[in-house]
Amino acid sequence: MQTQVGTRIGEYTLVRPLGSGGMGEVWLASCDGLEKPFVIKLLLPRHCNSASHRRRFMREAKLVASLPHGRIVPVVDYGEASDRLFIVMAYVDGVDLQTFCNALQAKGVQLPYYVIIYILAEILEALRDAHTHTVNGELRPVIHRDIKPSNVLISSRGGVFLTDFGIALLDNDYSLETFGTLGYMAPEQARGNSRPVPQCDIFGVGGIAHF
């Protein structure tokens, strides 16, 4: 199914594209009977018949839907419609941290230190929510694995939100696949020879501080 403005995905109508990546495409969307906008992430058509891609996509939806909604962009719906897997998230009116900082740099403006500390503290609060995730009363930390400026959203009202859990894993998941972004990836994560741990995400926060 080709996606374009006006395409219907279940109760949602695509309004305009926001971006795309290796796994999915992201759109601003409206929902029947609701005035507020949403963000909908669609698994790319070329991956729709891949069991591994479908499993990874739906794992992201279920993981984020199970997390607290404080400083993590919440998943409000997910499923399959019109032969496409989709994840619906709350819309954050703002930009990602990388775009925000690059725009300031282009104007010769540097963020004050107290603002930098505020942003870092909010990211760490979001990670505390993820790293203290429980399943049936048992601690099961969710490891994001791709902490970087472009996965942090700054809202027009000054809120800070962590997003894009597409490669997240529970702490006892094990994978020899190496995912993440060089420059923000902990050495043990890059080697891919051990299970993920929360400290990998904290390393990424250090990378953001350096950025």
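Given the structure is predicted, the values throughout are model-derived calculations rather than measurements.

## Comments concerning the packing of helix 3 (residues 113-131) against helix 5 (residues 198-210)
Contact pair helix 3 / helix 5: the axes reach a minimum separation of 11 Å and the direction vectors enclose 170 degrees. With respect to each other, helix 3 and helix 5 are oriented roughly antiparallel. Contact residues: Leu120, Ile123, Leu124, Leu127 and His131 in helix 3; Pro198, Asp201, Ile202, Val205, Ile208 and Ala209 in helix 5. Looking at the contact of helix 3 with helix 5, its residues break down into nine nonpolar, one polar and one charged.

## What to know about the nonpolar core
Counting 39 residues, the largest nonpolar core has Ile119, Ile123, Val152, Phe165 and Ile208 as its most contacted members. With seven residues, helix 3 is the single largest residue contributor to this core. Dropping the residues within four chain positions of it, Ile123 is found in contact with Val152, Val160, Val205 and Ile208. If you look at the next biggest cluster of nonpolar residues, it comprises 12 residues, including Ile9, Leu14, Cys31 and Leu42.

## Details of the pairing of strand 4 (residues 34-43)
Here strand 3 (residues 24-31) pairs with strand 4 via seven bridges, running antiparallel. Counted as the bridge partner of Leu28 is Val39 from strand 4. Note: strand 4 against strand 6 (residues 84-90), five bridges, orientation antiparallel. Across the sheet, the residue bridging to Ile40 is Val88, located in strand 6.

## Comments concerning the confidence of the model for the protein chain
Across the protein chain, the average pLDDT comes to 89, with 93% of residues at or above 70. Considering each helix and strand of the protein chain separately, the mean pLDDT is smallest for strand 13 (residues 169-170), with a value of 71, and largest for strand 11 (residues 152-155), with 97.

## Observations regarding helix 3
The end-to-end C-alpha distance of helix 3 is 26 Å, a good match for the 27 Å that 19 residues give at a rise of 1.5 Å each. Here helix 3 has its buried residues at Val115, Ile119, Leu120, Glu122, Ile123, Ala126, Leu127, Asp129, Ala130 and His131. Where helix 3 is buried, its residues contact helix 2 (97-106), strand 9 (138-139), strand 10 (142-143), strand 11, strand 12 (160-162) and helix 5.

## Focus on the pairing of strand 3
Counting buried positions over the eight residues of strand 3 gives six, a clear majority of the element. Note that strand 2 (residues 12-20) and strand 3 share seven bridges and pair antiparallel. By the bridge assignment for strand 3, Pro17 is matched with Trp27. Hairpin connection, strand 3 to strand 4: the antiparallel pair is bridged by two residues, and Gly33 has positive phi, about 80 degrees.

## Overview of the packing of aromatic side chains
In the structure shown here, the tally under the stated rule is two aromatic pairs. Taking the centre distance of 6.2 Å and the plane angle of 75 degrees together, the rings of Tyr12 and Phe38 count as edge-to-face. Separated by 26 residues along the polypeptide, Tyr12 in strand 2 and Phe38 in strand 4 bring together distant segments of the chain. Assessed through its relative accessible area of 6%, Tyr12 is described here as buried. Aromatic pair Tyr12 and Phe86: ring centres 6.1 Å apart, planes at 55 degrees, arrangement tilted. Of this pair, Tyr12 sits in strand 2 while Phe86 sits in strand 6, and the two are 74 residues apart along the sequence.

## What about the sheet that holds strand 11?
Across the sheet, three strands lie side by side as 7-11-12; this open sheet has antiparallel pairing. Of all the strands in the sheet, just strand 7 (94-96) and strand 12 have a single pairing partner and so form its edges. Adjacent strand axes in the sheet meet at a mean angle of 25 degrees, parallel and antiparallel pairs treated alike. Strands in contact with helix 2 are strand 7 and strand 11; relative to strand 7, the strand with the most contacts, it is inclined by about 95 degrees.

Calculation rules
Residues numbered from 1 in each chain as written. Predicted model: local features only at pLDDT ≥ 70, side-chain atom pairs only at ≥ 80, totals over all residues. Heavy atoms only, no water. Axes fitted to C-alpha atoms, helices over the stretch in contact; angles between N-to-C directions. Helix = DSSP H or I, 4+ residues; strand = E, 2+ residues; numbered from the N terminus. Parallel < 35°, antiparallel > 145°, perpendicular 65-115°, else oblique. Contact = heavy atoms within 4.5 Å. Nonpolar A, V, L, I, M, F, W, Y, C, P; charged D, E, K, R; others polar. Core = buried A, V, L, I, M, F, W, Y, C linked by side-chain atoms within 4.5 Å. Buried < 20%, exposed > 50% of the residue type's maximum accessible area, 1.4 Å probe, protein only. Pairing = 2+ DSSP bridges. pLDDT = per-residue confidence, 0-100. Expected span 1.5 Å × (residues − 1). Phe/Tyr/Trp six-rings, centres within 6.5 Å; stacked < 30°, edge-to-face > 60°.

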